[in-house]
Amino acid sequence: MLKGMATGTGTDTTAARRGGPLTGFTVGVTATRRREELTALLERRGARVVEAPMMRLVPLGDDTALREATERCLAGPLDYVVATTGVGWRCWMSAADDWGTGARLAAACRAAVVLTRGPKATGAVRASGLDEAFSPRSEANDELLSWLLARPLAGRRIAVQEHGVPLDGFAAALRERGAEVIAVPVYRWGPPDDPEAVRRLVELTVRRELHALSFTSAQAVEALLASADGFDRRAEVLAALRDDVLAVCVGPVCARPLLELGIEPVCPERGRLGALVRTLAEALPARMRRELVYEGRRVVLQGSAVLTDDMQVTLPPVLAAVLRALSDRPGHVLSRAELLRRAWLADRADEHAVEAAIARLRAALGPHSALIRTVPKRGYRLAVTV
């Protein structure tokens, strides 16, 4: 008998209790900021994590541009101030303090209408003693821009704290309405420190050796796709994300580049790392957890892990793919050719590779090797009751 389990909880299997909800799953982490925290949260739930920061945060080595922008903000009253990121806002306020203009900048912002893009920017603004007048639920720049364009802007002075990339289109739309826009550059996104880690993440995605890819910014999504372009693997990465590799985004703004490509990522209700990990810990088992019963024994297949009352085994990717293919049709016979295709062994073009994989799989299962049955001249099946 085969049953799909909605989550990793609610079973009395001893091994299942011993393993976490993400035991057996491999998750790619693309984040730059707070990467260590996200990795720790995932590993605490049993996941194997592959880290590949898509970008690096580059503080402006020469703060001339930031200082000049700050002086422009102080040269006259500000009507609106737009805070786009918490880290950027804090860096700006800190730099102004170092220059001895922190109190003046805070006063100038307090006299203006402050807009924030999402809860992190809102938290940083409030921590600096200010209050926001508007913060879009979508956390999208488009909604901030629409709010501003609904007001008379001719002659208004607007400071826009940028977040890693210049907001040229945003500023241009405001200038077209007659506003004076002061771009406040605090940091820039640069190329990744470890391009080889990015290349490896792309390859693991294409080979379906990742079960999920996590994103905490739209820029990380775009950087991954740009890297895949560079390796001539974009189409394959998109195919994997549509079919087999679960994309998990911290929020709707982060998810937008994938949605525009027809990929439906999973997003938590709240844009927080903890919520992202909890969502992932629910979504992956719902997709890839199976519970088998054979000869009165219960075996849980979860990602690349096999959990029983008396053992926990993590299988190599090919063996996990073979077992997953068999578990998708419990009790049915799958031919060597079908297993060759389903387990991504086709590049080897040799059905003997299936026989070798089955032998290794039985060895890995140890006392439960009888779960895999050979059907002479036809193929293999799981010894389960349907």
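Residues numbered from 1 in each chain as written. Predicted model: local features only at pLDDT ≥ 70, side-chain atom pairs only at ≥ 80, totals over all residues. Heavy atoms only, no water.

**Examining the packing of helix 7 (residues 141–149) against helix 8 (residues 168–176)**
In contact at an axis separation of 11 Å, helix 7 and helix 8 are set at 10 degrees when each is read in the N-to-C sense. Here helix 7 lies roughly parallel to helix 8, going by the angle between them. When helix 7 is examined against helix 8, the residues Asn 141, Leu 144, Leu 145, Leu 148 and Leu 149 are found in contact with a partner set consisting of Phe 170, Ala 173 and Leu 174. Residues belonging to the contact of helix 7 with helix 8 are distributed by class as follows: seven nonpolar, one polar and no charged. (Axes fitted to C-alpha atoms, helices over the stretch in contact; angles between N-to-C directions. Helix = DSSP H or I, 4+ residues; strand = E, 2+ residues; numbered from the N terminus. Parallel < 35°, antiparallel > 145°, perpendicular 65-115°, else oblique. Contact = heavy atoms within 4.5 Å. Nonpolar A, V, L, I, M, F, W, Y, C, P; charged D, E, K, R; others polar.)

**A word on the pairing of strand 8 (residues 180–184)**
Examined bridge by bridge, strand 7 (residues 157–161) and strand 8 share five bridges and lie parallel to one another. In the strand pairing of strand 8, Arg 157 is matched with Glu 180. In this fold, the crossover linking strand 7 to strand 8 by way of helix 8 has right-handed handedness. (Pairing = 2+ DSSP bridges. Right-handed = clockwise from strand over helix to strand, strands pointing away.)

**What to know about a positive patch on the surface**
Among the surface-exposed residues, Arg 33, Arg 90, Lys 120, Arg 270, Arg 272 and Arg 278 lie close enough to one another that they form a single positively charged patch. Position of Arg 90 among the secondary structure elements: in helix 4 (residues 86–99). (Patch = residues over 30% accessible without salt bridge, like charges linked within 9 Å, V, L, I, M, F, W, Y side chains within 5 Å. Areas by Shrake-Rupley, 256 points an atom, 1.4 Å probe, with all protein chains shown as cover. Salt bridge = Lys/Arg side-chain N within 4 Å of Asp/Glu carboxyl O. Lys, Arg positive; Asp, Glu negative; His and termini not counted. Charge placed at Lys NZ, Arg CZ, Asp CG, Glu CD.)

**Quick notes on the pattern of salt bridges**
Tallied over the entire structure, the rule returns 20 salt bridges. Measuring nitrogen to oxygen at the nearest pair gives 2.7 Å for the salt bridge that ties Arg 233 to Glu 203. One end of the pair, Arg 233, is in the loop between helix 10 (218–230) and helix 11 (234–243); the other, Glu 203, is in helix 9 (residues 195–206), and 30 residues separate them in sequence. Its salt-bridge partner being Arg 342, residue Asp 328 comes within 2.7 Å of it at the nearest N-O pair. A residue pair is termed long-range when its members are at least 10 positions apart, and Asp 328 in helix 14 (residues 317–328) and Arg 342 in helix 15 (residues 336–342) qualify at 14 residues. Overlapping salt bridges, with partners in common, bring together Arg 290, Asp 328, Glu 338, Arg 341 and Arg 342 in one network.

**Structural notes on the environment of Leu 224**
Relative to the helices and strands, Leu 224 resides in helix 10. Considered as a pair, Leu 224 and Leu 105 are 119 residues apart in the sequence and their alpha carbons are 37 Å apart. Among all residues touching Leu 224, those that are not within four sequence positions of it are Met 54, Leu 201, Val 202, Leu 213 and Phe 215.

**Details of helix 12 (residues 252–259)**
Think of an α-helix as turning once every 3.6 residues; residues three or four places apart then point the same way. Residues of helix 12 that are buried: Cys 254, Ala 255, Pro 257 and Leu 258. Looking straight down helix 12, one finds that the buried residues subtend no more than 145 degrees of arc, so they occupy a single side. Those residues of helix 12 that are buried lie in contact with strand 10 (212–215), helix 10, helix 11 and strand 11 (246–249). (Buried < 20%, exposed > 50% of the residue type's maximum accessible area, 1.4 Å probe, protein only. Arc of directions from axis to C-beta.)

Geometry only, nothing functional implied.
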